[in-house]
Amino acid sequence: MTDSHSPPVRLSRRAMLAGLGAVGVASAGAGLGTTAYFSDRESFEGNAITAGELDLSVTWQQLYRGGPQSSRAADYGSAGRPFVNAYPDDDGDGVQSFERDDGRHEYVDRTAYDDPEAAAAAGENLAFSCEEIATFDEASFGPNDESLIELDDVKPGDCGEITFGIKLCDNPGYVWLHGDLTDEGDGGHPESGGAELADRIRARAWYDDGDNVFQDGETPILGGSLREVLDALHDGVLLASDPDPDFGVPDPDDSAALDGITLTDDDCEVVQGNPSCEDLGLFRAIKVESEALPTALDDPVTYPTPVGDVTITAVAYDDEDDEVLEFDFDLDGFEVTAVIVKAGPSANVCRRPDGDGGFLTADSGEALGGPFKSGGDQRHGVSHVSFCYDTVPPEEPPEEEAETGAVCFQPSDTRFIGFEWCLPATVGNEVQGDAVSFDLSFYTEQCRHNPDPENPFADPEAE
């Protein structure tokens, strides 16, 4: 929602690819980050002793679902919307690609699809050997000039996503994800209350399978407003090489910070259109379509999800139209921050503020339903219900994971990390002309002889 004179949303080459503060070297495509445990390379070749290396490679595929190709072609690579840029990209069209001995490998074969959106949805990031990484050309951010993300006309409803492929060569290492909000500006619209874009953009990060889409069952890292996500990343998040699917899930058995409230109709707000968990910066446990909802009153149905069980009981039913009008729910194994009930042309977003800018977590709900029909007290029949959860505050992976090596990245593995941002369609004029800039970086440190690594981003004054 910025004009052509506003600074763009940025993700810098410096922070992304090198972690400049770690070693002072900006090396495109190979973020070199070390500490006192391993800060240089020493060779004693005459004695057949050669110091090893700790090299972190970062590849990516970026997608942006913004303005149409016809009017915003400069926002996309030559492959067209939604492809922006990728690394490696042997022909520079914005689609990840690499020439191997057995032929050309791509994120997706676009010629097999009539619709570029369908092609993007069917794609998968490539994994590379260290020998292949050594042959990469220098990374290009084209069509952007200096940053991975450069957008100057973001509108409500726009979303972007980058899937990073992180890989260590030579030696095992710990890997941290770090972020910083570096600059923001107020566009000065009469409805503005200051620089609000970072608060209105919803963002999240997760362990992806390489297809640039968060799917039910993939392990979240964190989510919230862009400001909240960057504030959490500022302190660094130690990533897990083999993450537990429940890591970060608000499980009442593992977290004392949950609230266990019961949502009611008083907690619901009508939102036009078809809002999603993603619009709220949350992760979806399950989306239950109308045909899967209970078909009789007081006959509960339980739905297993990757993070716990959801039990729905219909308490009001329209026999004539065969539709659920109201329902109760109970959760087992996790709690939700919001429940979205889509019905008719709009939806009820049900969540309860905590009085401190956030929302309470719920383990049950009573008599929830969709919005009421115009001019009456009859609800629209429920089209679908989404259960949305937030991650618990990012913590170091559990001690037992460190002991088993689950946090230690092996040189043979490639781990994909998804980062997504959206400006919800419900955002209004208050962000017109606003701008925000931020950095993301990955940092690595050796595992060997380092069983208790110190967070390189921790504030020493806070300890």
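Refer to the structure presented above.
Residues numbered from 1 in each chain as written. Predicted model: local features only at pLDDT ≥ 70, side-chain atom pairs only at ≥ 80, totals over all residues. Heavy atoms only, no water.

1. Brief notes about the overall build of the chain
On a plain count of helices and strands, the chain comes out with 7 helices and 24 strands. Considering only contacts in the chain between residues 6 or more positions apart, those separated by 24 or more positions represent 73%. Counting only carbon and sulfur atoms, one obtains 44% of the accessible surface of the chain, whose full area is about 20400 Å². (Helix = DSSP H or I, 4+ residues; strand = E, 2+ residues; numbered from the N terminus. Contact = heavy atoms within 4.5 Å. Areas by Shrake-Rupley, 256 points an atom, 1.4 Å probe, with all protein chains shown as cover.)

2. Notes on the pairing of strand β21 (residues 362-369)
Bridging between strand β13 (residues 261-263) and β21 involves 3 bridges; their strand directions are parallel. Among the inter-strand pairings, Leu263 is bridged to a residue of β21, identified as Gly365. (Pairing = 2+ DSSP bridges.)

3. Some points on the side chain of Thr163
Mapped onto the fold, Thr163 is located in strand β8 (residues 159-169). Residue classification places Thr163 among the buried residues on the basis of a relative accessible area of 0%. Of note is the side chain of Thr163, whose polar atom sits 2.8 Å from the side chain of Glu161. Discounting residues that sit within four places of it in the chain, Thr163 has contacts with Thr59, Trp60, Gln61, Asn125, Asp208, Gly210, Asn212, Phe416, Ile417 and Gly418. (Buried < 20%, exposed > 50% of the residue type's maximum accessible area, 1.4 Å probe, protein only. Polar contact = N/O pair within 3.5 Å; in protein donor to acceptor, adjacent residues only side chain to side chain.)

4. Section: the sheet that holds strand β24 (residues 435-446)
Read across the open sheet, the 3 strands follow the order β12-β9-β24; overall the sheet is antiparallel. Edge positions in the sheet fall to β12 (237-238) and β24, since each of these pairs with one other strand and no more. Here 2 bridges tie strand β9 (residues 173-185) to β12, and the two strands are oriented antiparallel to one another. Considered in β12, the bridge of Leu177 is made with Val237. Sheet strands touched by helix α6 (residues 226-234): β9, β12 and β24. Its angle to β9, the strand with the most contacts, is close to 135°. (Axes fitted to C-alpha atoms, helices over the stretch in contact; angles between N-to-C directions.)

5. Quick look at the nonpolar core
If you look at the biggest cluster of nonpolar residues, it comprises 60 residues, and the most contacted ones within it are Phe164, Ile166, Leu239, Phe419 and Phe442. Core analysis: the second largest hydrophobic core is formed by 32 residues, Ile261, Ile312, Val336 and Leu368 among them. (Core = buried A, V, L, I, M, F, W, Y, C linked by side-chain atoms within 4.5 Å.)

6. So, the sheet that holds strand β14 (residues 268-272)
Two modes of strand pairing occur in sheets, parallel and antiparallel, and in both the strands are linked by backbone hydrogen bonds. In space, the 5 strands of this open sheet follow the order β14-β20-β19-β22-β15, with antiparallel pairing throughout. Two strands lie at the open edges of the sheet, namely β14 and β15 (283-289), each paired on one side alone. Direction aside, the axes of adjacent strands within the sheet are offset by 20° on average.

7. Observations concerning unusual backbone geometry
A cis geometry characterises the amide bond from Arg81 onward to Pro82, with omega recorded as 10°. Structurally, the position occupied by Pro82 is in the loop between β4 (55-65) and β5 (83-87). The amide bond that connects Gly142 to the next residue, Pro143, takes the cis arrangement and shows omega of 10°. Within the element layout of this structure, Pro143 appears in the loop between α4 (130-133) and β8. One non-glycine residue, Asp298, adopts positive backbone phi at about 55°. Among the structural elements, Asp298 can be located in the loop between β15 and β16 (301-305). Among the residues examined, Asp298 registers a relative accessible area of 61% and is labelled exposed.

8. Regarding the environment of Lys342
Tracing the sequence through the fold places Lys342 in strand β19 (residues 338-343). Residues Lys342 and Val385 lie 43 residues apart in sequence; the distance between their C-alpha atoms is 6.3 Å. Residue contacts for Lys342: discarding those within four places in its chain leaves Gly273, Asn274, Ala347, Gly381, Val382, Ser383 and His384. A polar contact is formed between the side chain of Lys342 and the backbone oxygen of Gly344, at a distance of 3.0 Å.

9. Focus: the state of the cysteines
Taken as a whole and judged by the stated rule, the model has 5 disulfides. Note that Cys130 is cross-linked by a disulfide to Cys169, the S-S spacing being 2.1 Å. Looking along the S-S bond of the Cys130-Cys169 disulfide, the torsion reads about -105°, which is the left-handed sense. Residue Cys130 is located in helix α4, and its partner Cys169 is located in strand β8; the two are separated by 39 residues in the primary sequence. (Disulfide = S-S within 2.5 Å.)

10. Some details on a negative patch on the surface
Negative charge collects at one region of the surface, where Glu228, Asp231, Asp235 and Asp459 lie side by side. Within the secondary structure layout, Asp459 lies in the segment after β24. For Asp459, a relative accessible area of 40% puts it in the partly exposed group. (Patch = residues over 30% accessible without salt bridge, like charges linked within 9 Å, V, L, I, M, F, W, Y side chains within 5 Å. Salt bridge = Lys/Arg side-chain N within 4 Å of Asp/Glu carboxyl O. Lys, Arg positive; Asp, Glu negative; His and termini not counted. Charge placed at Lys NZ, Arg CZ, Asp CG, Glu CD.)

11. A closer look at α6
Here α6 has its buried residues at Leu226, Arg227, Val229, Leu230, Ala232 and Leu233. Gly236 sits one or two residues past α6 and shows a positive phi near 80°.

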